[in-house]
Amino acid sequence: IKETISAHHKTKHHKNRSMSSITVQPPKCLQKTFVAPRRHMFGPGPSNVPPRILAAGAEPIIGHMHPEMLEIMSDIKSGIQYAFQTQNNMTIAVSGTGHTAMECAIFNAVEPGEGVLTAVNGIWGERAAEMAERIGARVNSIVTTAGGYFTSEEIDRALAKHKPVLFFLTHGESSTGVVHPLDGIGDICHKHNCLFLVDCVASMGGAPLHMDKQGIDILYSGSQKVLNAPPGTAPISFSERACQKVFNRKTKPVSFFLDMTWLANYWGCDGKPARIYHHTAPVSAFYSLRESLAILAEQGLENSWRRHKEVAEYFHEGLENMGLKLLPTVTTIVAPPGYDWKEITSYIMKNHNLEISGGLGPSVGQVLRVGLMGGNSSKASVDMVLEALRDALRYCHKSKV
Ligand SMILES: Cc1ncc(COP(=O)(O)O)c(C=O)c1O
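Residues numbered from 1 in each chain as written. Predicted model: local features only at pLDDT ≥ 70, side-chain atom pairs only at ≥ 80, totals over all residues. Heavy atoms only, no water.

The name given to the protein in an unreviewed UniProt entry is Alanine--glyoxylate aminotransferase, and the organism recorded there is Oncorhynchus kisutch. Taken verbatim from the UniProt record of the protein, the Subunit (unreviewed entry) comment is "Homodimer." The record in UniProt for the protein states the following under Sequence similarities (unreviewed entry): "Belongs to the class-V pyridoxal-phosphate-dependent aminotransferase family." (UniProt positions renumbered as here; feature names shortened; annotations may be inferred.)

This is the structure we're talking about:
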């Protein structure tokens, strides 16, 4: 050994390195302790996670197939059924963000060559169209201006023309702020033998939504908005009609990870006695999701809808008093002319430790977006945002003159 070491000493390499097989050294940056900044998360998501949900996520890890975990998953299922107002047995949380649930819905409901119709009034309809195209669907879209709605007649006509198997609509269009009416659209879809898929990532818990009564066949959401849980889990539910289509496919879905046949078993929705390992569920994220659904159940869905509406009205009043113009929604403010929206959001982040955001997709450069979701939906938060905006308009204006 001595000989080997002294031989190494003679090499041009540094003494310590010569004894190690690694070529990449431990990064210096990881030697620093990380502390997340404390911020008011008043953009369109993620929202602040209250201590009770953070604490749930910090509980010790158990196995993803342990009976206690299966019980937590069953609690999550009941919580989602409540939040979605559905009796659907096929109700689960996907391990992933809102996009994962979006792909889960489209990948399972559509086979290559089948038709999909998407309603585009912001970016989410465009993304749904892209996902469907990627799996070889025939995709058509109905398009309206950002901030616009679709009438039942327009939807009826487009369904008659394109004969899709799936129609996609966003309930809360977070890029423009529109809450789209849903009543009656399910019936129109079913008349055309088409499934009705709705995105409620930005609206669930914040605006009235009744999956069963409104005839929605597939509904999905996300954890990081009104639920105030960390990003990374996404509720999704399939109606009986959707299950008929999903479980009678000729081809397997393109994604193994998102295959509802596997997920239905893992979540105990397929009636089979044995639960088979599919993937290692994000255990801590499920703890947090369960806690967030427990808080929603304790507070009451209708109370949550009412609070979000009242706080939005209070916010609107304050914004109008400041002379700011609103799009026809709760959270989207027309960017005040003469100001650079980026300067406003940066100023507010720097001086108020508070996140609001600019536009997305078609609304880039035109709007400021404020999300007051879950625990953030309070008059105190509104006052904080109004104060920050008032301050920013004063400061940013001065710097321009
Ligand atoms: C309406 C809507 N749909 C889908 C998504 C995608 O969710 P995620 O970012 O969690 O993938 C978002 C996220 O902001 C959203 O607002």
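Back to the write-up after that little detour.
> When you look at helix α13 (residues 341-352) in this model, what are you seeing that I'm missing?
Residues spaced three or four apart along an α-helix point in a common direction, a consequence of the helix completing one turn every 3.6 residues. Under the 1.5 Å per step criterion, the end-to-end length of α13 is 16 Å for twelve residues, consistent within 8% with the ideal 16 Å. Taken residue by residue, α13 has Ile344, Thr345, Tyr347 and Ile348 as its buried positions. One side of α13 holds all its buried residues, which, seen down the axis, span an arc of 160°. Of the residues in α13, the exposed ones pointing more than 90 degrees away from the buried face are Lys342 and Lys350. Of the residues flanking the start of α13, the one acting as N-cap is aspartate 340, its side-chain oxygen 3.0 Å from the backbone nitrogen of lysine 342. Just downstream of α13, asparagine 353 is the residue with a positive phi angle, here 60°. (Helix = DSSP H or I, 4+ residues; strand = E, 2+ residues; numbered from the N terminus. Expected span 1.5 Å × (residues − 1). Buried < 20%, exposed > 50% of the residue type's maximum accessible area, 1.4 Å probe, protein only. Arc of directions from axis to C-beta. Polar contact = N/O pair within 3.5 Å; in protein donor to acceptor, adjacent residues only side chain to side chain.)

> Can you walk me through the sheet that holds strand β13 (residues 357-358) in this structure?
Across a sheet, paired strands are connected by hydrogen bonds in the backbone, their directions being either parallel or antiparallel. In space, the three strands of this open sheet follow the order β11-β14-β13, with antiparallel pairing throughout. Whereas interior strands pair on both sides, the edge strands pair on one side only; in this sheet they are β11 (332-334) and β13. (Pairing = 2+ DSSP bridges.)

> Please clarify how the side chain of threonine 100 should be interpreted in this entry.
For threonine 100, the position within the fold is in helix α5 (residues 98-109). Setting aside anything within four residues of it in sequence, one finds threonine 100 in contact with Val94, Ser95, Phe257 and Leu258. (Contact = heavy atoms within 4.5 Å.)

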